[in-house]
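Given next are the chains, with one letter for each unit.
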Amino acid sequence: MRKPSKESELSTEPIGQNLIKLISNVCFSVFVLSVLVFTAIAITYQPPDPWLESAPSLTKLFTQTENATFKTDDSIIKTGEDLLSAPAPATPPALSPTPSDLAATPPATIAATPPALSATPPVLAAIPPAMSASPPAMAATPPALSATAPAIVAATPPGSAALAAASPAMAANPVAETMIEKSKEKTSNSSLKSECEKLKAVNCSDPRLLLAVKKFNLKTFKSIVFLEYQTPVNGTKQDECDVFWRFRNRKEKSWRKYRDFRRFQFGITENCTYKVMHTGPWHSGINARPPRIRPNTTRSSGGTWKPKLAPSIRDEEINDTIPTLGSETNFRKGKYLYYARGGDYCKGMNQYLWSFLCGLGEAMYLNRTFVMDLNLCLSATYSLTNKDEEGKDFRFYFDFEHLKETVSVVGESEFLRDWKKWDKGHKRKVPVKKVKTHKVTPMQLKKDKGTIIWRQFDGPEPENYWYRVCEGQAAKYIHRPWHAIWKSKRLMNIVTEISGRMDWDFDALHVVRGEKARNKQLWPHLDSDTSPEAILVKVKEMVQPWRNLYIATNEPFYNYFDNLRSHYKVHLLDDYKELWSDTSEWYNETTMLNNGKPVEFDGYMRVAVDTEVLYRSKIRVETFYNLTKDCKDGINTC
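No experiment lies behind these values; they were computed from the predicted model shown.

With that settled, the discussion passes to the pairing of strand β15 (residues 507-511). Of all the five residues making up β15, five are buried; the element is thus mostly covered by neighbouring parts of the structure. Of the two faces of β15, the one carrying D507, L509 and V511 and the one carrying A508 and H510 are both buried. When β15 meets strand β16 (residues 548-553), the two strands line up parallel, connected through five bridges. Bridge pairing in β16 links H510 to A552. Across two bridges, the pairing between β15 and strand β18 (residues 620-621) is parallel.

Here is the structure:
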């Protein structure tokens with residue numbers, strides 16, 4: 001066999017070496033080019049919101065969308081009190097995250113928060129537990145929020161320290177078992193055997209009787225925190241007493257107080273102590289209830305007085321009067337941020353809150369008072385007429401008292417009146433800086449010393465959306481104060497009444513149908529998985545028979561869940577229509593708020609109440625986590 005010559009070996013070696021060098025050079029060039037491209041993107045790319053920062057990440061939790069359509073799950077309404085950190089939250093089983101709009105604040109944020117924001121929805125500094133029923137994703141939020149406190153402090157209007165200082169005083173100490181034992185010892189030590197022998201009848205003013213009630217309540221109603229009691233009064237029978245107390249639910253992270261008054265039947269034991277033999281249902285102790293407010297009256301054509309509204313028990317803790325600036329001097333000394341009405345008007349409530357809180361966040365960053373238009377336009381999504389409805393009041397839906405105690409706000413009509421009055425009476429007009437585009441950033445306005453910064457949104461959509469101000473680089477500086485939006489106390493009173501009538505011992509089923517059930521492309525199995533038969537099979541696996549079962553749903557057909565009634569005590573929102581009827585407390589107070597015009601209990605209010613009752617349940621069965629395998633946001637989005 002012929003051996004290769006040296007010349008042939010020498011001729012083939014350079015070809016192999018050159019090929020290896022060529023491949024290595026190409027690979028290295030590709031590597032260098034990719035590094036350069038990645039570096040260029042990292043330097044130039046500006047996301048709409050820096051999600052890696054704590055406050056924006058909380059904001060993302062509420063909206064779960066970054067575009068102007070805000071097509072989130074409208075069967076759940078989240079607001080600020082639903083994510084506030086609680087000292088000892090009791091998270092019930094089977095809690096799943098649900099999208100939409102709700103927020104919260106831990107103690108760290110509270111102390112650093114300015115006085116004036118509301119929901120949505122009370123005050124922040126001593127905020128006790130409110131929604132420990134919130135999903136795991138929410139429960140993990142407060143630590144992130146606390147990191148935003150320094151930024152909020154820097155943007156805090158003057159006077160916010162007063163809120164933090166006043167809050168502890170405003171938070172009532174809960175009635176604990178240790179306190180009851182101490183009171184019991186004092187009472188027993190001061191009681192003589194002779195007094196014990198004389199005790200033959202129930203004495204409602206006896207301190208030992210109230211101690212028996214407190215002890216009974218702590219053992220019976222474990223899901224609520226008792227804050228204060230009033231001295232019991234006589235019932236209708238000799239062994240009955242009516243007792244009034246204030247409380248809050250352990251799953252509510254606001255520190256608002258609610259009231260209940262019940263009738264108790266007592267017996268006397270051999271060792272001279274009171275024993276609760278029987279307790280009446282919610283609001284059964286009518287002799288202990290607060291006095292009813294006198295109805296407004298008007299003189300008729302015949303000269304007689306006719307009541308405008310049915311007499312009602314008014315919640316004296318609600319104070320949603322519109323703040324005023326006072327004297328002309330106070331007006332002139334203030335600094336204001338005024339947003340003209342933009343393209344967000346009549347959009348969905350998610351977008352309204354997203355934009356509104358952007359404006360509030362900018363006002364806090366600029367250390368200015370936000371000029372607020374209390375008039376809302378309810379989107380057709382929640383309107384009973386399926387049309388946009390103007391003339392709604394912010395206070396119908398959100399807690400304005402909490403809002404004005406958390407951030408600095410002033411009503412638009414009062415502000416414009418004082419502005420006009422000043423310009424009429426003085427030669428030197430109020431200094432105004434008009435800003436005609438959202439591209440002028442809050443950072444550029446930080447050093448402006450004018451009295452009024454007037455942002456105008458006259459461009460076409462989506463350039464005229466308020467939330468555009470907080471996009472881009474501004475998102476690193478502007479933190480939306482979600483903790484300021486709480487749901488209306490009037491709506492929360494309805495929530496409390498529904499929960500109280502079930503004695504705070506119920507499970508809940510959340511059934512989403514409507515448009516999603518009809519859209520087979522995005523949710524192919526939802527309709528069949530939420531059929532009455534399929535629901536019954538799933539619920540029986542998770543909920544014990546004959547439990548109170550509250551169903552929060554957008555299914556309009558009332559009898560849709562009838563087959564559950566043979567296994568559970570079913571409760572639907574429509575079972576409690578009298579709570580917003582024309583004889584209800586809610587109806588009377590909202591009518592007075594609306595200048596004597598009746599207010600409709602619209603779709604947004606229904607969802608808000610449904611949401612809060614749902615959160616107070618012990619076991620929660622969710623549509624997209626328990627009933628169906630379809631993804632919440634459509635196919636392939638899990």
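Overall, the coordinates contain four disulfides when judged by the stated rule. Here C346 pairs with C377 through a disulfide, and the sulfurs are 1.8 Å apart. Disulfide C346-C377: the torsion about the S-S bond is 90°, which places it as right-handed. Here C346 is found in the loop between β8 (336-339) and α12 (349-366), whereas its partner C377 is found in strand β10 (residues 375-378), with 31 residues between them in sequence. When its relative accessible area of 9% is taken as the criterion, C377 is described as buried. Shown here is the disulfide that connects C358 with C470, its sulfur atoms set 2.0 Å apart. The S-S bond linking C358 to C470 shows a torsion near 100°; that makes this disulfide right-handed. In this pair, C358 sits in helix α12 while C470 sits in the loop between β14 (452-455) and α17 (489-501), placing the two residues 112 residues apart along the sequence. Like C470, C358 is buried. Sequential numbering of the bridged cysteines in the protein chain gives the disulfide pattern 1-2, 3-5, 4-6, 7-8.

Moving on to the nonpolar core. F356, F370, F394 and I498 are the most contacted members of the largest nonpolar core, which has 93 residues in total. With twelve residues, the single largest contributor to this core is α12. With near-sequence residues (within four places) excluded, F356 lies in contact with F370, M372, F394, L403, W466 and I485. Core analysis: the next-biggest nonpolar cluster, separate from the first, contains 16 residues, L509, Y560, V621 and L627 among them.

As summarised here, the arrangement of the four strands in space is β17-β16-β15-β18, forming an open sheet in which the pairing is parallel. The open sheet has two edge strands, β17 (569-572) and β18, and neither has a second partner. The pairing of β16 with β17 spans four bridges and is classified as parallel. Along β17, the bridge assignment pairs I551 with L572.

The end-to-end C-alpha distance of helix α15 (residues 412-425), which contains 14 residues, comes to 20 Å, matching closely the 20 Å that a straight helix rising 1.5 Å per residue would cover. Those residues of α15 not exposed but buried are E412, E414, F415, D418, W419, W422 and D423. End-on view of α15: buried residues confined to an arc of 165°, all on one side of the axis. Along α15, exposed side chains directed more than 90 degrees from the buried face belong to S413, K420, K424 and G425. In the core, the buried residues of α15 are packed alongside α11 (328-333), β8, β9 (369-372), β12 (409-411), β13 (432-435) and β14.

Once that is clear, we can look at the packing of α17 against helix α22 (residues 603-615). Contact pair α17 / α22: the axes reach a minimum separation of 9 Å and the direction vectors enclose 45°. Considering their axes alone, α17 and α22 lie oblique with respect to each other. Classified by chirality, the crossing of α22 by α17 is right-handed. Counted together, L491, M492, I494, V495, I498 and S499 of α17 and M605, A608, V609, E612 and V613 of α22 form the full contact between these two elements. Among the residues making up the contact of α17 with α22, the classes are represented as nine nonpolar, one polar and one charged.

Our next topic: the packing of aromatic side chains. Inspection of the entire model under this criterion finds 39 aromatic pairs. Between Y352 and F356, the ring centres sit 5.6 Å apart and the planes meet at 5°, which makes this aromatic pair stacked. Remark: F356 and Y352 occur in helix α12; sequence separation between them is four residues, near one turn of the helix. As far as burial versus exposure is concerned, Y352 and F356 are alike and both buried. Over the aromatic face of Y345 sits the side chain of R341, whose NZ or CZ is 3.8 Å from the ring centroid. A cation over a ring is seen here: K446 above Y365, with NZ or CZ 4.4 Å from the ring centre.

Tracing the sequence through the fold places N548 in strand β16. Among the polar contacts made by the side chain of N548, one reaches the side chain of H571 at a distance of 3.0 Å. Residues in contact with N548, not counting those within four places in the same chain, are M502, D505, F506, D507, K569 and H571.

On to a nonpolar patch on the surface, then. Together, L19, L22, I23, V26 and V30 make up a nonpolar patch on the protein surface, roughly 470 Å² of accessible area in all. Note on placement: L19 falls in helix α1 (residues 6-44).

Applying the stated rule across the entire model yields 36 salt bridges. A salt bridge links E578 to R501; its shortest N-O distance comes to 2.4 Å. You can see E578 sitting in the loop between β17 and α21 (585-593) and its partner R501 sitting in helix α17, a full 77 residues away along the chain. Measuring nitrogen to oxygen at the nearest pair gives 3.1 Å for the salt bridge that ties D505 to K618.

Ordered in space as β12-β9-β8-β14-β13, the five strands form an open sheet in which the pairing is parallel. The open sheet has two edge strands, β12 and β13, and neither has a second partner. Neighbour to neighbour, the strand axes of the sheet diverge by 25° on average, direction disregarded. In the sheet, β9 pairs with β12 via three bridges, with the strands oriented parallel. Bridge pairing in β12 places F370 opposite V409. Most of the contacts of α12 go to β8, to which it runs at about 160°, and overall it touches β8, β9, β12 and β14.

What counts and how
- Residues numbered from 1 in each chain as written.
- Predicted model: local features only at pLDDT ≥ 70, side-chain atom pairs only at ≥ 80, totals over all residues.
- Heavy atoms only, no water.
- Buried < 20%, exposed > 50% of the residue type's maximum accessible area, 1.4 Å probe, protein only.
- Helix = DSSP H or I, 4+ residues; strand = E, 2+ residues; numbered from the N terminus.
- Pairing = 2+ DSSP bridges.
- Disulfide = S-S within 2.5 Å.
- Core = buried A, V, L, I, M, F, W, Y, C linked by side-chain atoms within 4.5 Å.
- Contact = heavy atoms within 4.5 Å.
- Expected span 1.5 Å × (residues − 1).
- Arc of directions from axis to C-beta.
- Axes fitted to C-alpha atoms, helices over the stretch in contact; angles between N-to-C directions.
- Parallel < 35°, antiparallel > 145°, perpendicular 65-115°, else oblique.
- Left-handed = near helix turned anticlockwise from the far one by under 90°.
- Nonpolar A, V, L, I, M, F, W, Y, C, P; charged D, E, K, R; others polar.
- Phe/Tyr/Trp six-rings, centres within 6.5 Å; stacked < 30°, edge-to-face > 60°.
- Lys NZ or Arg CZ within 6 Å of the ring centre and 35° of its normal.
- Polar contact = N/O pair within 3.5 Å; in protein donor to acceptor, adjacent residues only side chain to side chain.
- Patch = residues over 30% accessible without salt bridge, like charges linked within 9 Å, V, L, I, M, F, W, Y side chains within 5 Å.
- Areas by Shrake-Rupley, 256 points an atom, 1.4 Å probe, with all protein chains shown as cover.
- Salt bridge = Lys/Arg side-chain N within 4 Å of Asp/Glu carboxyl O.

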